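# Structural overview for review
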Amino acid sequence: MAQLYFRYSTMNAGKSTEILKIAHNYNEQNKRVLLLTPAIDTRYGIGKITSRMGFQQDAIIISDKVNLIEITEKEKPDCVLVDEGQFLSRENVVELTEVVDKLNIPVIVYGLKNDYRNQLFEGSEALLLFSDKIEEVKTVCWYCTKKATMLIKYKDGVPVSKGEQIEIGGNDKYVSVCRKCYSSKVELV
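No experiment lies behind these values; they were computed from the predicted model shown.

The rules we used
Residues numbered from 1 in each chain as written. Predicted model: local features only at pLDDT ≥ 70, side-chain atom pairs only at ≥ 80, totals over all residues. Heavy atoms only, no water. Helix = DSSP H or I, 4+ residues; strand = E, 2+ residues; numbered from the N terminus. Rg over C-alpha atoms; globule rule 2.2 N^0.38 Å. Buried < 20%, exposed > 50% of the residue type's maximum accessible area, 1.4 Å probe, protein only. Contact = heavy atoms within 4.5 Å. Pairing = 2+ DSSP bridges. Axes fitted to C-alpha atoms, helices over the stretch in contact; angles between N-to-C directions. Salt bridge = Lys/Arg side-chain N within 4 Å of Asp/Glu carboxyl O. Core = buried A, V, L, I, M, F, W, Y, C linked by side-chain atoms within 4.5 Å.

### Concerning the overall build of the chain
Looking only at helices and strands, the chain has five helices and eleven strands in total. For the chain, the C-alpha radius of gyration of 17 Å lies close to 16 Å, the compact-globule estimate for 189 residues. On the principal axes, the C-alpha backbone points of the chain span a range of 50 × 30 × 30 Å. Per-residue burial for the chain yields a buried fraction of 48% across its 189 residues. Pairs at least 24 apart in sequence give 75% of the contacts found in the chain among residues at least 6 apart.

Printed below as a string of structure tokens:
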């Protein structure tokens, strides 16, 4: 029976690498995967899933105009893999549940749970509500050896806790940290 999986973490946990690994494993067995990524993430090019290790694969872009059920029916994959799930809309997530429930195709979504202000993203909130299985992908704090659960955003070398929720970036803007290191650098409000 197909299920909707949400695998979340902070940045630098290998989420995109894991998606590309799963896609490779399916392809090696002559099975089809449908790779999806939100239009907003253009760091490595439009419609690209790219790991920090340099692996990359093309993906279909998810926008407000895309019907995920129609795309899945057309492509007929054995599995749907979604990168940057935090940028999905609630409607996108509901469509993914229909892919699972009506088409009986497993969907695995990777993404961030919370932003640098420790608020849920719209996509993450919907995935936490609708997913059949929720799994944490663990990574280590940038400053100590504890498990990272939060993000610090830096602007001009200074930690910030206010501003727009979405500003695309990598290590140039964000670091993954544990709660203790977060609270020592950013005011908890």
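### Considering the pairing of strand β2 (residues 33-38)
Judged by how many residues are buried, β2 sits mostly within the fold: six of six residues are covered. Residues Val33, Leu35 and Thr37 of β2 are buried on one face, and the alternating residues Leu34, Leu36 and Pro38, pointing to the opposite face, are buried as well. Pairing of β2 with strand β6 (residues 79-82), which is carried by four bridges, proceeds in the parallel orientation. When the sheet's bridge partners are listed, Leu36 is paired in β6 with Val82.

### Concerning the environment of Tyr182
Tracing the chain through its elements places Tyr182 in helix α5 (residues 179-185). In sequence terms Tyr182 and Val94 are 88 residues apart; their C-alpha atoms lie 33 Å from each other.

### With respect to the sheet that holds strand β7 (residues 107-112)
Strands sit in the order β5-β2-β6-β7-β1-β8 across an open sheet of six strands; the sheet is parallel. Bordering the open sheet on either side are β5 (60-62) and β8 (133-136), each of which pairs with just one other strand. Across the sheet, the mean angle from the axis of one strand to that of its neighbour is 25 degrees, orientation sign disregarded. Pairing geometry for β2 and β5, over three bridges, is parallel. Within β5, the residue paired with Leu36 across the bridge is Ile60. The sheet contacts of helix α2 (residues 68-75) involve β2, β5 and β6, and relative to β2 the element is tilted by about 155 degrees.

### A short note on the pattern of salt bridges
The full count for this structure, using the stated rule, is seven salt bridges. A salt bridge links Lys102 to Glu98; its shortest N-O distance comes to 3.6 Å. Of this pair, Lys102 and Glu98 both sit in helix α3 (residues 90-103), separated by four residues, roughly a single helical turn.

### Concerning unusual backbone geometry
One non-glycine residue, Lys76, lies in the positive phi region at around 50 degrees. Mapped onto the fold, Lys76 is located in the loop between α2 and β6. With a phi angle near 55 degrees, Glu84 is a residue other than glycine that sits in the positive phi range. Here Glu84 lies in the loop between β6 and α3. Given a relative accessible area of 10%, Glu84 falls into the buried group.

### With respect to the nonpolar core
Ranked by internal contacts, the top residues of the largest apolar core, which has 23 residues, are Val80, Val82, Leu88, Leu96, Val107 and Val109. Mapped onto this core, the elements with two or more residues apiece are β1 (4-9), β2, α2, β6, α3, β7 and α4 (122-130). Looking at this core element by element, the count peaks at four residues for α3. In this view, Val80 contacts Leu34, Leu36, Thr72, Val99, Ile105, Pro106, Val107 and Ile108; residues no more than four positions away in its chain are not counted. Counting 13 residues, the second largest nonpolar core, distinct from the first, contains Leu20, Val33, Ala59 and Leu81.

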